[in-house]
Amino acid sequence: MTEHTLRVNDMLQSEINSFRELERKCNVIFYYSGLFSQNIVAAMAEALKLRLAHSGNKAATQRKVFSTFIEMAQNVIHYSADTFSDVDQQDDELRHGAVWIGESEGKFFIVCGKPVAASRAPRMRDRLNALQSMSQEEIKAAYKTQLRSENEAGSKGAGLGFLTVARDASEPIEFHFDEQPDGKTAMFYLKAKF
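Residue numbers here run from 1 along each chain, matching the order of that chain's written sequence. Local features are withheld for residues below a pLDDT of 70 in this predicted model, meaning they are given only at 70 or higher, and side-chain atom pairs are given and counted only at 80 or more; totals for whole chains, interfaces and linings count all residues. No hydrogens and no water enter the side-chain calculation; it runs on all heavy atoms of the structure.

A. Here's a closer look at the pattern of salt bridges. Salt bridges are defined as contacts in which a side-chain nitrogen from Lys or Arg sits within 4 Å of a carboxyl oxygen from Asp or Glu. Enumeration over the complete set of coordinates arrives at 7 salt bridges. Residue Glu23 is joined to Arg20 by a salt bridge in which the shortest nitrogen-to-oxygen separation is 3.6 Å. Of this pair, Glu23 and Arg20 both sit in helix H1 (residues 3-25), 3 residues apart, which is roughly one turn of the helix. For Glu23, a relative accessible area of 29% puts it in the partly exposed group. Residue classification places Arg20 among the partly exposed residues on the basis of a relative accessible area of 43%. For Glu103, the salt bridge goes to Arg51, with nearest N and O atoms at 3.4 Å. Here Glu103, found in strand S3 (residues 93-104), pairs with Arg51, found in helix H2 (residues 38-53); they are 52 residues apart in sequence, far enough to count as distant. Residue classification places Glu103 among the partly exposed positions, given a relative accessible area of 28%. One connected set of salt bridges, linked through shared partners, spans Lys107, Glu171, Glu174 and Lys193. Each helix is a run of H or I in the DSSP string that is no shorter than four residues. Each strand is a run of E no shorter than two, and both are numbered from the N terminus. For every residue, the accessible area (1.4 Å probe, protein chains only) is compared with the maximum for its type, and the residue is labelled buried under 20%, exposed over 50%, or partly exposed between those bounds.

B. Summary view of the pairing of strand S5 (residues 174-179). Each pair of strands is called paired provided DSSP finds at least two bridges between the two strands. Sheet analysis places S5 next to strand S6 (residues 185-193), joined by 6 bridges and oriented antiparallel. Considered in S6, the bridge of Phe175 is made with Leu190. Turn length for the S5-S6 hairpin, with the two strands adjacent in sequence and antiparallel, is 5 residues, and the turn residue Gly183 shows positive phi of about 75°.

C. Broad picture of the nonpolar core. Ranked by size, the top nonpolar core spans 39 residues in total, and within it Phe69, Ile173, Phe188 and Leu190 carry the most contacts. It is helix H3 (residues 59-79) that provides the largest number of residues to this core, a total of 6 residues. Working rule for contacts: check all heavy atoms of both residues, and any pair within 4.5 Å makes them a contact. Residues within four places of Phe188 in sequence aside, it is in contact with Cys112, Gly113, Lys114, Val116, Met124, Leu128, Phe162, Phe175, His176 and Phe177. What is meant by a nonpolar core is a set of buried Ala, Val, Leu, Ile, Met, Phe, Trp, Tyr and Cys residues, joined one to another through side-chain atoms within 4.5 Å.

D. Here's a closer look at the side chain of Thr68. When you line up the elements, Thr68 lands in helix H3. Not counting the four nearest positions on each side in its chain, Thr68 is found in contact with Ile110, Val165, Asp168, Ala192 and Phe194.

E. Spatial organisation of the packing of aromatic side chains. To pair, rings of Phe, Tyr and Trp, with the six-membered ring standing in for Trp, must have centres within 6.5 Å; the planes then decide the type, stacked if under 30 degrees apart, edge-to-face if over 60, and tilted in the middle. Per the stated rule, a full pass over the model turns up 7 aromatic pairs. Between Phe30 and Phe69, the ring centres sit 6.3 Å apart and the planes meet at 85°, which makes this aromatic pair edge-to-face. Here Phe69 lies in helix H3 and Phe30 lies in strand S1 (residues 28-36), a separation of 39 residues in the sequence. With a relative accessible area of 0%, Phe69 lands in the buried category. Through a chain of ring-to-ring contacts, the aromatic side chains of Phe162, Phe175, Phe177 and Phe188 assemble into a single cluster. Criterion for a charge above a ring: Arg CZ or Lys NZ at most 6 Å from the ring centre, at most 35 degrees from the ring normal. One Lys or Arg, Arg167, reaches over the ring of Tyr143 and ends 4.3 Å from the middle of that ring.

This is the structure in structure tokens:
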């Protein structure tokens with residue numbers, strides 16, 4: 001081996017060790033960053049289902065974690081501002097996002113990240129701030145009310161996404177917007193614990 005090859009291999013080993021150390025420190029059990037589609041989400045869901053089945057946690061907790069994962073992944077598919085069209089997949093749009101699941105202090109957590117249009121951030125922030133201040137009973141009542149109401153303009157679902165995540169979480173949901181240098185997008189992160 002040449003000296004250059006040894007240096008490259010040492011750098012790779014250092015990067016791997018750094019990533020693995022961060023993975024251990026954050027108690028990550030599942031991580032994906034990249035393009036999301038229905039097929040990709042289905043494959044991730046199957047892997048998560050198997051991991052949860054062997055976690056030793058209550059079935060109700062496993063269902064909530066799985067349900068929230070699906071809700072967050074669907075949210076990336078429907079609303080990520082970073083869109084790619086794939087002609088081979090017909091109507092299946094590919095959108096960029098990230099999701100990671102971990103365990104900390106005896107609880108699961110799920111974090112989802114995706115780019116959103118900066119113009120949407122204030123409205124999303126208002127909705128999420130309101131959700132953070134609601135009790136579980138208020139969230140459940142809002143969920144039932146939303147089920148009976150008309151879809152919001154621009155919504156590809158029934159407007160239940162944030163309510164579903166907040167309803168299933170054992171603590172108030174957390175969120176963060178990181179405005180991007182282009183001024184047109186912000187990275188949106190949502191975290192739920194179970």
